[in-house]
Amino acid sequence: MFRTIVPSDTKIDFLRYARPATAVSILIILAGLASALIQGVRWGIDFAGGTEMQVRFEAGTNFEEGAVRSAVEAAGVEEPTVVRFGEPGSGEFQIRFAGGGEGEEKQGQLVDRIRSVLTEQVGPVEIDRVEYVGPKVGEELRRDGAKAMLLAWLLILAYVGLRFNLQFAPGGVVALIHDVLVTAAIWQLLGQTFDLQVLAALLAIVGYSINDTIVIFDRIRELVATHTTVDIHELTNRAVNQTLSRTILTSLLTLLAVIALLALAGPVVFPFTASMGIGVVVGVYSTVYIASPVMLAMERWRGRRSAKRQQATRKHPKAAARA
Amino acid sequence: MRWRVIGVVAAILLCGWYTVANFFPAETRRATALLPDHVMRLGLDLQGGIHWVLSPDLDVALAHELDVLGGGIRAVLEEQKKIEPKRIAVEDGRLVVEMASPAELAAVREAAKETRVLREVDAAEQTVRFVLTDEWTREVRERSIEQVLEVLRRRVDDPTQGVQESIITRQGADRVLIQIPGGQLDREQARGLLRQTGFLEFKLVLDRADTEELLRAKYPDGLPPDTEIVFEREKGLPNQKPEERRILAAYLVKKTPDLTGDFLTDARSSLDNRHGWIVNFAFNSEGARRFAKLTGENRGKQLAILLDRQVYSAPMLNERIGGGRGFIHGRFSSRDAADLAVILRAGSLPIPVQIEEERTVGPALGADSIRRGINASILGLLLVAGFAIWYYRLAGVYATIALVANLIMLIGVMSMTRATLTMPGIAGLVLTLGMAIDANVIIYERIREELLVGKSPRAAIRTGFNKALWTILDAQITTLLVALVLYQYGTGPIKGFAVSLSVGIVTSVFTSIVIPRLLFEYYPGNRPVQALSI
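Quick caveat, the model's predicted, so the values are computed rather than measured.

Caption draft 1: Examining the overall build of chain A more closely. Counting its regular elements, chain A contains 11 helices and 4 strands. Relative to its length of 323 residues, chain A is extended, with a C-alpha radius of gyration of 26 Å against a globular reference of 20 Å. Along the longest, intermediate and shortest principal axes, the C-alpha atoms of chain A span 85 × 50 × 30 Å. A total of 323 residues make up chain A; the buried ones form 46% of that total.

Structure representation (structure tokens):
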């Protein structure tokens, strides 16, 4: 009677896949970490400092990446990164290089020199964007970024702890940290650059991906209250299944918005939209496979502990039954 | 029910009124009373422009302050104690005073003590070294930043530049933020503003009158050779252009200045027993010599003090002013005196500034971004709404109505509060579309579950909305928390993302719960329907 993309009576035993799923996540994070250690992290100029320029050649100019790079080098820039930007054939390039700004004079002159050499060697050029971040500001932005991420995690932990009980909070926060790490690892493995936009996306993911987790936890709580005889493992599976269509639908709708951005919003916000897209998908996965198992593990651990305590005291048989 | 409908419709219409205004140019909006004046500001990444974070070189300012204090100590030693210091210099941020004999150091220490702002760090046989006290260091840094702000403000807002809606403000403890929107100045010109120093001149007044006409009337055969007319104007608002202010007096002066601000080292306001608020200023030794000569030879005349070709005051010269120090009086309020001191200092002390951060966007790229942003928003709306209607049918239509209402309210609220829209902000707006409909998904999935259990449509709707409420609030509050963190720590365009995301979350809680609920009450309402189109 309803149009569905997920049957309403699924009975998938998600928890069975918890272990392999965790292994996959850890593998991705480790791979990202290894890549970061071996190849190094590509920090954007926001964090590393440096200069980033977006230039546009007039239509009809014969523009070659190599020609642009050698022109920039000829202007006195060491090791510039030159990449084509935007639609193919649009004649837009992004030029990025370290430093470029000790002293206001030098930086200004450098940009002018690049412009004139590009005009000379490649063709008439328009400078659409110049971004320069000095070493001091870069350091501050790095520090602020780390602070923002920590604060976001803490606030969510506090909120989930406040609204639910503390046995739920660790599961939620592990899922959050998982989402950020896995998204960042994938971004790193794709060879992309980390800048403020990516940080904003990672933070947005922190706020967004907890939503699904909250819905499942809410449902588990509801089921636990009404089904005292069924064990929590079974109830958790039931909760994940019951909310599955919602979990997938909401993420799908958000993904549609991200797709619209990826398709039309252009290269300027690409780092944000692409990393956001990855994060949304990772969020669904962690909701199903990570958050609930962690919660369950916590529950079992508590159960064992209270059982032990009980054996020692033998005073509260009712509490043991509840646990 | 009726009142709730009226309330919701009124809120949406009000926001819609503001939203629509964003699509009209500013002149049209101002010309008609039919449109509100407030619209969203466009971030520099959308309208193009220059964004700079500058750091003034405060070490230079501190060294300068030490230099001035050293001059003061020299004056005290020479004039009061009648002893010649061997050497007074600023080295490595310290004031070094070297005397001919160790015995004379006591006089130096006494003179330094009188400044109340110097602290001795160490001493050798014939030399003693001072630094500024911590308190005074702070004071000097503070003053220097204010001074840089003042100079830059006057420069950017200079009538010849014709720059509008520029922002020049302090960022953090020791930074200056400059934003010049929309291709009014290219990078070159703007950089010139950072280089060029303030132009302070002292000119003897040859003649004066209340207006230019009256002054010119005195010289029917034309002005004397090498002279010009300058004006003293009413004090105006900081953003008001000088030409718009009323002329108080017109002065005839020589074209070449008798003395320039090049020789000025300091100026500050203070309260004097006889004259009320005054402005003290100090010249370096060369300036002091010239100033003494100028004032000594022209007693009884007026001396016009011009900054960037505007007369700020024209005090009467009463006596020869020696020692390179003097003061200006003229029935100042404390504010006037402080302002004048700032201006004098601004002209006299060009602290070098360094660009710490730059984000400059050309107008073409900005316009391109706006176009792309609008297209992405439309596509996002179509995709999300299309899917919702396909999936939930009538309920999907309700959700879509809520979605459009959310977009209108989001833009409306941002317009009312004159929030800044940036490119990441547009991304946040589109993202909000996808997130706002989450609330409806939560409600509808719940309603479906209730229907499957066998509840009547009416009961299912009621339960669905009631049970979903807290889940929705939880979900949106967590996102809001993160958006606020991002607002706190983000800079520039990223802040715009935090703004549109937070506003979007708040409006979406309202629209996606209230509006579908009202629509469900309207249809099916109390009708005995068999199945719900959901």
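Caption draft 2: How the structure looks around the overall build of chain B. Per the secondary structure count, chain B includes 15 helices and 19 strands. For chain B, whose C-alpha radius of gyration is 33 Å, the value lies well above the compact-globule estimate of 24 Å for 534 residues. C-alpha atoms of chain B, sized along the principal axes, occupy 110 × 70 × 45 Å. In chain B, which comprises 534 residues, the proportion classed as buried is 43%. Contacts spanning at least 24 positions in sequence make up 70% of the contacts within chain B whose residues lie at least 6 apart.

Caption draft 3: Looking closely at the sheet that holds strand β3 (residues 87–91) of chain B. All names here are of chain B. Across the sheet, which stays open at both edges, the 4 strands sit in the order β3-β4-β6-β5 with antiparallel pairing between neighbours. Strands with a single pairing partner mark the edges of an open sheet, and in this sheet they are β3 and β5 (118–123). The sheet shows a mean angle of 25 degrees between the axes of neighbouring strands, direction not considered. Of the pairings in the sheet, the one linking strand β4 (residues 94–98) to strand β6 (residues 127–132) comprises 4 bridges and is antiparallel in character. Bridge pairing in β6 links V97 to V128.

Caption draft 4: Main features of the interface of chain A and chain B. Contacts between the two partners involve 62 residues from chain A, matched on the other side by 59 residues from chain B. Those elements that provide at least two residues to the side of chain A that touches chain B are α4 (104–121), β4 (125–133), α5 (135–163), α7 (196–226), α9 (244–264) and α10 (270–313) of chain A. Looking at the side of chain A that touches chain B residue by residue, the classes come out as 35 nonpolar, 15 polar and 12 charged. Two strands pair when backbone bridges link them, and β4 of chain A and strand β18 (residues 353–361) of chain B are joined in this way by 5 bridges, in the antiparallel orientation. By the bridge assignment for β18 of chain B, V130 of chain A is matched with T360 of chain B.

Caption draft 5: Quick peek at unusual backbone geometry. Residues and elements named next belong to chain B. Look at the link from Y523 to P524: it is a cis peptide, with omega at 0 degrees. Positive phi outside glycine occurs at K82, with the angle close to 60 degrees. With respect to the helices and strands, K82 occurs in the loop between α4 (58–81) and β3. Overall, K82 belongs to the exposed group, with 8 C-beta atoms counted inside 10 Å. Although it is not a glycine, R116 adopts a positive phi angle of roughly 65 degrees. Mapped onto the fold, R116 is located in the loop between α5 (105–115) and β5.

Caption draft 6: Looking closely at the sheet that holds strand β7 (residues 167–171) of chain B. Judged by pairing direction, the sheet is antiparallel, and its 8 strands sit side by side in the order β2(A)-β3(A)-β1(A)-β4(A)-β18(B)-β2(B)-β8(B)-β7(B) without closing on themselves. Edge strands, defined here as strands with exactly one partner in the open sheet, are β2 (81–85) of chain A together with β7 of chain B. Across the sheet, the mean angle from the axis of one strand to that of its neighbour is 20 degrees, orientation sign disregarded. Summarising the sheet, strand β1 (residues 50–57) of chain A and strand β3 (residues 92–97) of chain A pair through 6 bridges and their orientation is antiparallel. Pairing of V55 of chain A across the sheet is with F93 of chain A, part of β3 of chain A. Sheet contacts for helix α11 (residues 363–392) of chain B: β1 and β4 of chain A together with β18 of chain B; angle to β4 of chain A, the most-contacted strand, approximately 85 degrees.

Caption draft 7: Representation of the environment of E358 of chain B in the model. Within the secondary structure, E358 of chain B is located in strand β18. Judged by the 25 C-beta atoms lying within 10 Å of it, E358 of chain B is buried. Once the C-alpha coordinates of E358 of chain B and T420 of chain B are considered, the two residues, 62 residues apart in sequence, prove to be 19 Å apart. With sequence-adjacent residues up to four places away left out, E358 of chain B is seen in contact with V130, E131 and Y132 of chain A together with H51 and W52 of chain B.

Caption draft 8: Region of interest: the environment of F97 of chain A. Residue and element names in this part refer to chain A. As for its position among the elements, F97 is in strand β3. The class of F97 is buried, set by 20 C-beta atoms lying within 10 Å. In this structure, the C-alpha to C-alpha distance between F97 and L150, residues 53 residues apart in sequence, is 30 Å. Excluding anything up to four places from it in sequence, F97 contacts G50, T51, V77, E79, P80 and T81.

Caption draft 9: Region of interest: helix α9 (residues 285–297) of chain B. Residue and element names in this part refer to chain B. With 13 residues, α9 should reach 18 Å at 1.5 Å per residue; the first-to-last C-alpha distance of 18 Å fits that figure. Taken together, the buried positions of α9 are occupied by G287, A288, F291 and T295. Down the axis of α9, the sector holding all buried residues measures 100 degrees, keeping them to one side. Turned more than 90 degrees away from the buried face of α9 sit E286 and E297, all of them exposed.

Caption draft 10: Layout of helix α6 (residues 169–189) of chain A. All names here are of chain A. The end-to-end C-alpha separation of α6 is 30 Å, in line with the 30 Å expected for 21 residues at 1.5 Å each. The element α6 is extensively covered by neighbouring structure, given that 15 of its 21 residues are classed as buried. Where α6 ends, the next residue or the one after it, G191, has phi of about 75 degrees, a positive value.

Caption draft 11: Structural context of the domain arrangement of chain B. Here chain B is described as being made up of domain 1 (2–45 + 362–522), domain 2 (58–133) and domain 3 (197–355). Placing the centre of domain 1 of chain B and that of domain 2 of chain B at their C-alpha centroids yields a distance of 66 Å.

Caption draft 12: How the structure looks around the domain arrangement of chain A. By the assigned domains, chain A splits into domain 1 (14–40 + 138–322) and domain 2 (50–133). Between the C-alpha centres of domain 1 of chain A and domain 2 of chain A the distance comes to 41 Å.

Caption draft 13: Local environment of the nonpolar core. Ranked by size, the top nonpolar core spans 176 residues in total, and within it A200 and L203 of chain A together with V384, A427, V430 and L486 of chain B carry the most contacts. Ignoring anything within four residues of it in the chain, the contact list for V384 of chain B reads L253, L256 and A257 of chain A together with L403, L433, G434 and I437 of chain B.

Caption draft 14: Broad picture of the confidence of the model for chain B. Residue and element names in this part refer to chain B. Here chain B shows a mean pLDDT of 85. Residues at 70 or above account for 91%. Taken element by element, chain B is modelled with least confidence in helix α10 (residues 334–348), mean pLDDT 63, and with most confidence in helix α12 (residues 394–416), mean pLDDT 95. Counting contacts from residues 236–241, a segment whose pLDDT is below 50, to residues more than four positions away or on other chains yields 5 contacts. Confidence metrics for the complex model read pTM 0.77 and ipTM 0.88.

Caption draft 15: Up close: the packing of α12 of chain B against helix α15 (residues 492–522) of chain B. Residues and elements named next belong to chain B. Put simply, α12 and α15 touch, their axes get as near as 8 Å, and they point 140 degrees apart. For α12 against α15, the interelement crossing comes out right-handed. Residues Y398, A399, I401, A402, A405, N406, M409, L410, V413 and M414 of α12 form the contact with α15, whose own contacting residues are S500, V503, G504, T507, S508, T511, S512, I515, P516, L519 and F520. For the contact of α12 with α15, a count of residues per class yields 14 nonpolar, 7 polar and no charged.

Caption draft 16: A look at the packing of α9 of chain A against α11 of chain B. It is the contact of α9 of chain A with α11 of chain B, at a shortest axis distance of 8 Å, that shows an interaxial angle of 150 degrees. By the angle between their axes, α9 of chain A is roughly antiparallel relative to α11 of chain B. Here the hand of the crossing between α9 of chain A and α11 of chain B comes out right-handed. Contacts between α9 of chain A and α11 of chain B involve L253, L256, A257, I259, A260, L261, A263 and L264 of chain A from the former and R372, N375, A376, L379, G380, L383, V384 and F387 of chain B from the latter. Residues belonging to the contact of α9 of chain A with α11 of chain B are distributed by class as follows: 13 nonpolar, 2 polar and 1 charged.

Caption draft 17: Quick look at the pairing of β3 of chain A. Residues and elements named next belong to chain A. When you tally the buried positions in β3, you get 5 out of 6 residues, the bulk of the element. By the bridge criterion, 5 bridges tie β2 to β3 in an arrangement that is antiparallel. By the bridge assignment, V82 is partnered in β3 with I95. Counting the residues that bridge the hairpin from β2 to β3 gives 6 residues, and of these G86 lies at a positive phi of roughly 75 degrees.

Definitions and cut-offs
Residues numbered from 1 in each chain as written. Chains lettered and ligands numbered in written order. Predicted model: local features only at pLDDT ≥ 70, side-chain atom pairs only at ≥ 80, totals over all residues. Helix = DSSP H or I, 4+ residues; strand = E, 2+ residues; numbered from the N terminus. Rg over C-alpha atoms; globule rule 2.2 N^0.38 Å. Buried ≥ 20, exposed ≤ 12 C-beta atoms within 10 Å, placed from the backbone. Contact = placed C-beta atoms within 7 Å. Pairing = 2+ DSSP bridges. Axes fitted to C-alpha atoms, helices over the stretch in contact; angles between N-to-C directions. Nonpolar A, V, L, I, M, F, W, Y, C, P; charged D, E, K, R; others polar. Expected span 1.5 Å × (residues − 1). Arc of directions from axis to C-beta. Domains from an automatic or database assignment. Core = buried A, V, L, I, M, F, W, Y, C linked by C-beta atoms within 7 Å. pLDDT = per-residue confidence, 0-100. Left-handed = near helix turned anticlockwise from the far one by under 90°. Parallel < 35°, antiparallel > 145°, perpendicular 65-115°, else oblique.

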